Amino acid sequence: MNTTSTSSPIHVIGGGLAGSEAAWQIASAGVPVVLHEMRGVRGTDAHKSDGLAELVCSNSFRSDDATSNAVGVIHAEMRMAGSLIMACADRHQVPAGGALAVDRDGFSDAVTKAIHDNPLITVVREEITGLPPKEWGLAIVATGPLTAPSLAQAIQAETGADALAFFDAIAPIVYRESIDMDICWYQSRYDKVGPGGTGKDYINCPMNEEQYNAFVDALIAGDTVGFKEWEGTPYFDGCLPIEVMAERGRETLRHGPMKPMGLTNAHNPTVKAYAVVQLRQDNALGTLYNMVGFQTKLKYGAQAEIFRMIPGLENAEFARLGGLHRNTYINSPTLLDSSLTLKSRPGLRFAGQITGCEGYVESASVGLLAGRFAAAERKGEAVSLPPATTALGSLLGHITGGHIVTDEEPGKRSFQPMNINFGLFPELQPGSIVKPEGVKRFRGKDKTIMKRQLIAKRALADCATWLGQAAPLAETT
Ligand SMILES: Cc1cc2nc3c(=O)[nH]c(=O)nc-3n(C[C@H](O)[C@H](O)[C@H](O)COP(=O)(O)OP(=O)(O)OC[C@H]3O[C@@H](n4cnc5c(N)ncnc54)[C@H](O)[C@@H]3O)c2cc1C
């Protein structure tokens, strides 16, 4: 017998960015929530306080430009959807040019107070050590990159050993349109078709010996980010940072991820490349390509500079740069349905960084969605997914299916954490980008800017339609 009713609470585990937003959204829909947060009883390696929605590192929510920046667009959509995180961020903003940066203590205090003052939200300070018991009915796990070990083990037991990662190994992702196809060519190694392939699944960037040597030198000299003491050094041979491979010997990369075997330069078939960088399609839309085997600890500035030395990537634009961090995240594209529910456990949703999104804003936005979906389910209403053309919808779509799952590297999971970027949005209708009247020179860069402006405009319009109307900002005391 189903004993739950609209007055039965939804349980949210984790009072970080995602869990706090999820709890707020559920309460805003008139449904009670119990928010379980372990800090106060047990800490994490990165959090310093007991405050909800603590920012563990930078105090920036990144660009607030909703006209031509994907992060700014998701900010605007969250504001429209009554986001508590955005309301508190706006109230505690500090000067940061075009970025939205916040006073971290003021921000966390405001979120904590709003949550505690909400009569529909009960905060319980406790560690949840296993999956939510079935009698809880609807629940959301939003325990973040530093999920406590016993819960992580329980998630692993439910989803399978390979389905939960404890470190990420992020290779840079490049916008397809910024790759120079007069230099690069499509080909799979040995023209292998493989499951679901065509024999032309990779974009290949050729290097001669001189270019290869200069590239290896730059990798070795590049500035890197160290691991935090508590992260350990998660190197294992299948997943070494590219610069560590370069340090192991000048030929290592040429016999590893940059091996030229089985590849023939379509632009110059008679000259064998000395080394080849391969990029593999990353999303079903075909707008994003990841640099295969290029996980790295190089600093972001060094990455952009060094990777643009690769022939064909001179003007590469990066949707995401590489990294290697302590992280906890599930293989969402295979485990979750389109409304973030674990397929094997109806009623149990995941939200925040544990779903494989990356960053404060993205984590909070996935919390916002999970909260709205769970509240709708509790009220017996249809779950309404945001359109794929919105920032919320494009990120959700990537996590729950848009990422292409590859199994051609045994033992490796292709799904890596993703931030919001324009490569996740569906393309515009053909013919949308038109040279403005009176403009003489309309170059590639101008077209990219216009394209992004049009995608942003479409996203905000479609988000407003999805929400019925532009919702007011969350009211907090
Ligand atoms: C060291 C570090 C630095 C980072 N720097 C940045 C940055 O500069 N910018 C950026 O955008 N992103 C950064 N991130 C990513 C950032 O953590 C996430 O984007 C964001 O905080 C994730 O939000 P979340 O709600 O998913 O997880 P969190 O904000 O971490 O919230 C999860 C909450 O769950 C609680 N919890 C965990 N396990 C349990 C349990 N079993 N029972 C009860 N409660 C539990 C935790 O105490 C925590 O409060 C960083 C991450 C780390 C680890």
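Residues numbered from 1 in each chain as written. Predicted model: local features only at pLDDT ≥ 70, side-chain atom pairs only at ≥ 80, totals over all residues. Heavy atoms only, no water.

A. Quick look at the site of the ligand. Around the ligand lies a shell of 31 residues, among which Ala18, Glu37, Arg39, Gln353 and Tyr360 are the nearest. Within the contact set of the ligand, an oxygen atom lies 3.0 Å away from a backbone nitrogen or oxygen of Gly359. Protein chains shield 91% of the accessible area of the ligand, which is 980 Å² for the free molecule. Tallied by class, residues from the shell around the ligand come to 13 nonpolar, 14 polar and four charged. (Near = heavy atom within 4 Å. Polar contact = N/O pair within 3.5 Å; in protein donor to acceptor, adjacent residues only side chain to side chain. Areas by Shrake-Rupley, 256 points an atom, 1.4 Å probe, with all protein chains shown as cover. Nonpolar A, V, L, I, M, F, W, Y, C, P; charged D, E, K, R; others polar.)

B. Local environment of the domain arrangement of the protein. Each assigned domain of the protein is listed with its residue range as follows: domain 1 (10–162 + 330–423) and domain 2 (169–325). Placing the centre of domain 1 and that of domain 2 at their C-alpha centroids yields a distance of 31 Å. (Domains from an automatic or database assignment.)

C. Examining the packing of aromatic side chains more closely. The full count for this structure, using the stated rule, is eight aromatic pairs. Within the aromatic cluster, the residues linked to one another by ring pairs are Phe61, Phe107 and Tyr360. It is Arg254 that lies over the ring of Tyr274; its NZ or CZ is 3.9 Å from the centre. (Phe/Tyr/Trp six-rings, centres within 6.5 Å; stacked < 30°, edge-to-face > 60°. Lys NZ or Arg CZ within 6 Å of the ring centre and 35° of its normal.)

D. A look at the pattern of salt bridges. Per the counting criterion, the structure on display carries 15 salt bridges. Ionic pairing is found between Lys379 and Glu381, a salt bridge with its closest N-O pair at 3.9 Å. What makes Lys379 partly exposed here is its relative accessible area of 35%. Given a relative accessible area of 44%, Glu381 falls into the partly exposed group. Arg443 is the partner of Asp446 in a salt bridge, and the nearest nitrogen-oxygen pair spans 3.9 Å. Judged by its relative accessible area of 25%, Asp446 falls in the partly exposed class. On the accessibility criterion, Arg443 (46% relative accessible area) is partly exposed. Taken together, the salt bridges that share partners define one network made up of Glu37, Arg39 and Glu54. (Salt bridge = Lys/Arg side-chain N within 4 Å of Asp/Glu carboxyl O. Buried < 20%, exposed > 50% of the residue type's maximum accessible area, 1.4 Å probe, protein only.)

E. Representation of the packing of helix H3 (residues 84–91) against helix H4 (residues 104–117) within the structure. The contact between H3 and H4 brings their axes to 9 Å, and the two run at 135°. Classified by the interaxial angle, the pair formed by H3 and H4 is oblique. Both H3 and H4 take part in a crossing whose hand is right-handed. Contacts between H3 and H4 pair Leu84, Ile85, Cys88 and Ala89 from the former with Phe107, Ala110, Val111, Ala114 and Ile115 from the latter. When its residues are assigned to classes, the contact of H3 with H4 shows nine nonpolar, no polar and no charged. (Axes fitted to C-alpha atoms, helices over the stretch in contact; angles between N-to-C directions. Helix = DSSP H or I, 4+ residues; strand = E, 2+ residues; numbered from the N terminus. Parallel < 35°, antiparallel > 145°, perpendicular 65-115°, else oblique. Left-handed = near helix turned anticlockwise from the far one by under 90°. Contact = heavy atoms within 4.5 Å.)

F. Broad picture of the sheet that holds strand S13 (residues 288–291). In spatial order, the strands read S10-S11-S12-S13-S9-S14; together these six strands make up an open sheet with antiparallel pairing. Each edge of the open sheet carries a strand with a single partner, namely strand S10 (185–186) and strand S14 (318–320). With three bridges joining them, strand S9 (residues 173–175) and S13 adopt antiparallel strand pairing. Each residue of the ladder has a partner; that of Ile173, found in S13, is Asn290. Helix H6 (residues 209–221) rests against strand S11 (202–207) and strand S12 (275–281) of the sheet, and its axis sits at about 95° to S11. (Pairing = 2+ DSSP bridges.)

G. Structural view of the sheet that holds strand S4 (residues 93–94). The three strands are arranged S3-S5-S4 in an open sheet whose pairing can be described as antiparallel. Of all strands in the sheet, those with a lone pairing partner are strand S3 (60–63) and S4, marking the two edges. Both S4 and strand S5 (residues 99–102) contribute to a ladder of two bridges, which runs antiparallel. What sits directly across from Gln93, in S5, is Val102. Contacting S3 and S5, helix H2 (residues 70–80) crosses the sheet at an angle of about 115° to S3.

H. Representation of unusual backbone geometry in the model. For Tyr190, which is not glycine, the phi dihedral falls at a positive 55°. Considering the arrangement of structural elements, one finds Tyr190 in the loop between S10 and S11. The backbone of Asp191 shows a phi angle near 55°, a positive value even though the residue is not glycine. Mapping Asp191 onto the fold places it in the loop between S10 and S11.

I. Spotlight on the packing of helix H10 (residues 360–378) against helix H11 (residues 391–402). Where H10 meets H11, the closest approach of the two axes is 10 Å, and the angle between their N-to-C directions is 90°. Here H11 runs roughly perpendicular to H10, going by the angle between their axes. Contacts between H10 and H11 involve Glu362, Ser365, Val366, Leu368, Leu369 and Phe373 from the former and Leu392, Leu395, Leu396 and Ile399 from the latter. Residue composition of the contact of H10 with H11, by class: eight nonpolar, one polar and one charged.

J. How the structure looks around the state of the cysteines. Following the criterion strictly, the structure yields zero disulfides and no others. Here Cys88 stays free of any disulfide, with the sulfur of Cys357 as its closest cysteine sulfur at 19 Å. Judged by its relative accessible area of 0%, Cys88 falls in the buried class. Free of any disulfide, Cys463 has its nearest neighbouring cysteine sulfur in Cys357, separated by 17 Å. (Disulfide = S-S within 2.5 Å.)

K. Region of the structure containing the nonpolar core. Core analysis: the biggest nonpolar cluster contains 93 residues, and Phe61 and Phe107 have the highest contact counts within it. Formed jointly, this core draws a minimum of three residues from each of two domains, domain 1 (10–162 + 330–423) and domain 2 (169–325). Sequence-distant contacts of Phe107, defined by excluding residues within four places in its chain, comprise Leu17, Ala53, Leu55, Phe61, Ile85, Cys88, Ala89, His92 and Val102. Listed in part, the 37 residues of the second largest apolar core include Met207, Tyr274, Met291 and Phe307. (Core = buried A, V, L, I, M, F, W, Y, C linked by side-chain atoms within 4.5 Å.)

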